[in-house]
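Each chain, written out:
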Amino acid sequence: MCCALGSAFPVSYASRIMQKQYFLPSSNLMGARLAGSHGDTQESKTNPLVSLSDEPETLYKRLSILVKGHDKAVLDSYEYFAVLAAKELGISVEKVDKPPKTIERFTLLKSVHIYKKHRVQYEMRTHYMCLELKYLTSSTAAVYLEYVQRNLPEGVAMEVKKTKIEKIPEHIQKPVWDTLPQVEETEVKS
Amino acid sequence: MAAAARGLRGLPRALSVPSAARQLHCSAVCLKARAARVRAGKGDKAVTYEQAHAPHHIGHRKGWLSLHTGNLRGEAGAAQRALEDAFLRRFLAGTFPGLLADEAVLKRRGNLLVVCALLGRALPPHKLYFLLGYAETLLGTFYKCPVRLELQTVPARVPYKYL
C-alpha cells in the first residue's frame, strides 16, 4: 500500500481524509525534482482510498493515550514504539507519564472446611503508561491511532481521550456589559 | 410433622411425598496450596521449566500462558476468557493426543485468537496440517472469531530438572 506521508515504515489505511493543500518545502528547491512528494500528490489524486474534503478539520489540543498491562517490560517496549512512531509522523509528544501500578489483592481460605487461620492471597497487578501528544488534526490523530492500535500487544488495553479545540460561540464573544442599555444612576439623599 | 404423616397415611402410594432428604451440592475443590506445583519425587520425573516453577513465580521467573485484557483494572470479561481458555486447552489435548510438548500459549489480539503450541514429531506433516485446519475451522465456527494456530515441532520435551 502506498504511504502518502513518506514515512519510514509501512502503514495501512482503511480510509482517511487528507488536507487539500500539500505544502512542499521552499523556493530553493524549485529546480530540483522531489520524486517522492511529487509522486505522492499525483498518486493521491487517483488513489481510491484517499478522499479529499473541503470542510475544516477538527483540531485536538491534546491526545491522551493510557495503556494498561500486567507486564512492565511489554509496556516499556510499547512506549518506545509509540514515541518513535509519533516522532516519525512529526507529532509533538508533550510528556510520557508512568502512573504507579495498582494491585488488586484478595484473601481466601486455604482449606475447604475449617482452618480459618490458614489463608491464601492472590493479587493482580496493573501497570500504566500515559502518552500525551499535543496539537493534532483529526486526520493525523486517526492515522496515528490506527497504526498504534493495530500494533497493540496482546494483554494490553488502551484508553484514548481527545481534547478538542472549538471556536468561542457567537453569543459569548463580546462581554455582556457592552450590550446592556445604560442604567441611570439615582442619587441617594441622606 | 406428625399431623402431616397421619394425613398422608390415607393417600395412595402414587401421590405420597418423596423422601424428605436434604442434598448438598458443592463445586470441585481448588487445592490452592498444591495448584500447578509438581511434587518432589525420587528424581526420575523429568519436568519442563514451565512445570518446575510454582504460580507465585509468574511475572518474575515465568511468563503468562494466556494473554488477554480481562484481568486488568477496569476491564471486563475475565470469567468468559477463563472458560474459553479451559475449553481450548482440553480441545488441544484431545486433538493432538500425546503430542503437546509444553502448555499452549493463548494470545488475544482484538477479535483474533492465536494459539501457539509446541508439538512432538510423532505424526507425519500431512496429518499435522490436517489437524491444524480442522482445529482452526472448528474453533472459529465455535467461538465466532478468527482462530490461528501456530504450531512448531520439537524433537523432544526439554527437561529443566528431575524431581
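The shown structure was predicted, so the numbers you read here are calculated from the model rather than taken from an experiment. (Residues numbered from 1 in each chain as written. Chains lettered and ligands numbered in written order. Predicted model: local features only at pLDDT ≥ 70, side-chain atom pairs only at ≥ 80, totals over all residues. Heavy atoms only, no water.)

**Some remarks on the overall build of chain B**
- Looking only at helices and strands, one finds four helices and six strands in chain B.
- Going from N to C terminus, chain B has its helices and strands arranged as α-β-α-β-α-β-β-α-β-β.
- Within chain B, contacts between residues at least 6 apart in sequence are counted, and of these 58% link residues at least 24 apart.
- Of the roughly 11400 Å² of accessible surface on chain B, 59% is carried by carbon and sulfur atoms. (Helix = DSSP H or I, 4+ residues; strand = E, 2+ residues; numbered from the N terminus. Contact = heavy atoms within 4.5 Å. Areas by Shrake-Rupley, 256 points an atom, 1.4 Å probe, with all protein chains shown as cover.)

**Some details on the UniProt feature "domain: Small ribosomal subunit protein uS10" (unreviewed entry) in chain A**
- With numbering matched to this structure, UniProt assigns "domain: Small ribosomal subunit protein uS10" (unreviewed entry) to residues 64–161 of chain A.
- Between the C-alpha atoms that bound residues 64–161 of chain A the distance is 5 Å, and the span itself is 32% helix and 46% strand. (UniProt positions renumbered as here; feature names shortened; annotations may be inferred.)

**Digging into the sheet that holds strand β2 (residues 66–67) of chain B**
Residue and element names in this part refer to chain B.
- Spatially, four strands are ordered β2-β3-β4-β5 in an open sheet, and the strand pairing comes out mixed. At either end of the open sheet lies a strand with only one pairing partner, and these are β2 and β5 (147–153).
- Pairing analysis gives five bridges linking strand β3 (residues 105–109) to strand β4 (residues 112–119), with the strands arranged antiparallel. In the sheet register, R108 faces β4, and the bridge partner there is L113.
- Strand contacts of helix α3 (residues 78–95): β2, β3 and β4, with the helix running at about 135° to β3, the strand carrying the most contacts.
- Strands β4 and β5 of the sheet are contacted by helix α4 (residues 125–143), whose axis makes an angle of about 155° with β5. (Pairing = 2+ DSSP bridges. Axes fitted to C-alpha atoms, helices over the stretch in contact; angles between N-to-C directions.)

**Thoughts on α3(B)**
- Taking 1.5 Å of rise per residue, the 18 residues of α3(B) would be expected to cover 26 Å, and the 25 Å separating its terminal C-alpha atoms lies within 8% of that figure.
- Buried positions along α3(B) lie against β2, β3, β4 and α4 of chain B. (Expected span 1.5 Å × (residues − 1).)

**Considering the packing of aromatic side chains**
All names here are of chain A.
- For the coordinates displayed, the defined rule picks out 10 aromatic pairs over all chains.
- When the centroid spacing of 5.7 Å and the interplanar angle of 40° are considered together, the rings of Y78 and F81 count as tilted. One end of the pair, Y78, and the other, F81, are both in helix α2 (residues 72–89), three residues apart, so they sit about a helical turn from each other.
- Using a relative accessible area of 3% as the deciding quantity, one classes Y78 as buried.
- F81 sits in the partly exposed class, given a relative accessible area of 22%. (Phe/Tyr/Trp six-rings, centres within 6.5 Å; stacked < 30°, edge-to-face > 60°. Buried < 20%, exposed > 50% of the residue type's maximum accessible area, 1.4 Å probe, protein only.)

**So, the interface of chain B and chain A**
- Opposite the 16 residues of chain B that make contact, chain A presents 22 residues.
- In this assembly, chain B packs against chain A so that about 1600 Å² is buried in total across both faces, 58% of it on carbon and sulfur atoms.
- It is K32(B), L72(B) and R73(B) in chain B that bury the most area against chain A; as a group they hold 45% of the surface buried on that side.
- Taken together, chain B and chain A are joined by three salt bridges.
- Its salt-bridge partner being E104(A), residue R73(B) comes within 3.7 Å of it at the nearest N-O pair.
- The interface formed by chain B and chain A contains five residue pairs in polar contact (both at pLDDT 80 or more).
- Ranked by residues supplied to the side of chain B that touches chain A, first place goes to β3(B) with three residues.
- Of the residues assigned to the side of chain B that touches chain A, the class counts are five nonpolar, five polar and six charged. (Buried area = accessible area lost by both parts, 1.4 Å probe. Salt bridge = Lys/Arg side-chain N within 4 Å of Asp/Glu carboxyl O. Polar contact = N/O pair within 3.5 Å; in protein donor to acceptor, adjacent residues only side chain to side chain. Nonpolar A, V, L, I, M, F, W, Y, C, P; charged D, E, K, R; others polar.)

**Describing the pairing of β5(B)**
Residues and elements named next belong to chain B.
- As defined by bridge partners, β4 adjoins β5 across seven bridges and the pair is classed as parallel. By the bridge assignment, V115 is partnered in β5 with L149.
- In this view, the connection linking β4 to its parallel neighbour β5 by way of α4 has right-handed handedness. (Right-handed = clockwise from strand over helix to strand, strands pointing away.)

**Observations concerning the nonpolar core**
- Formed by 25 residues in total, the largest nonpolar core has its most connected members in I65(A), V67(A), L131(A), L133(A) and Y144(A).
- Listing elements by their share of this core, those giving two or more residues are β3 (59–69), α2, β6 (119–137), α3 (138–150) and β7 (156–165) of chain A.
- Ranked by residues supplied to this core, first place goes to α2(A) with seven residues.
- Every residue in contact with L131(A), bar those within four places of it in the chain, is listed here: L63(A), S64(A), I65(A), A82(A), V83(A), V93(A), K95(A), V96(A) and Y144(A).
- Counting residues in each nonpolar core, the second largest holds 21 residues, with L88(B), A117(B), L119(B) and A135(B) among its members. (Core = buried A, V, L, I, M, F, W, Y, C linked by side-chain atoms within 4.5 Å.)

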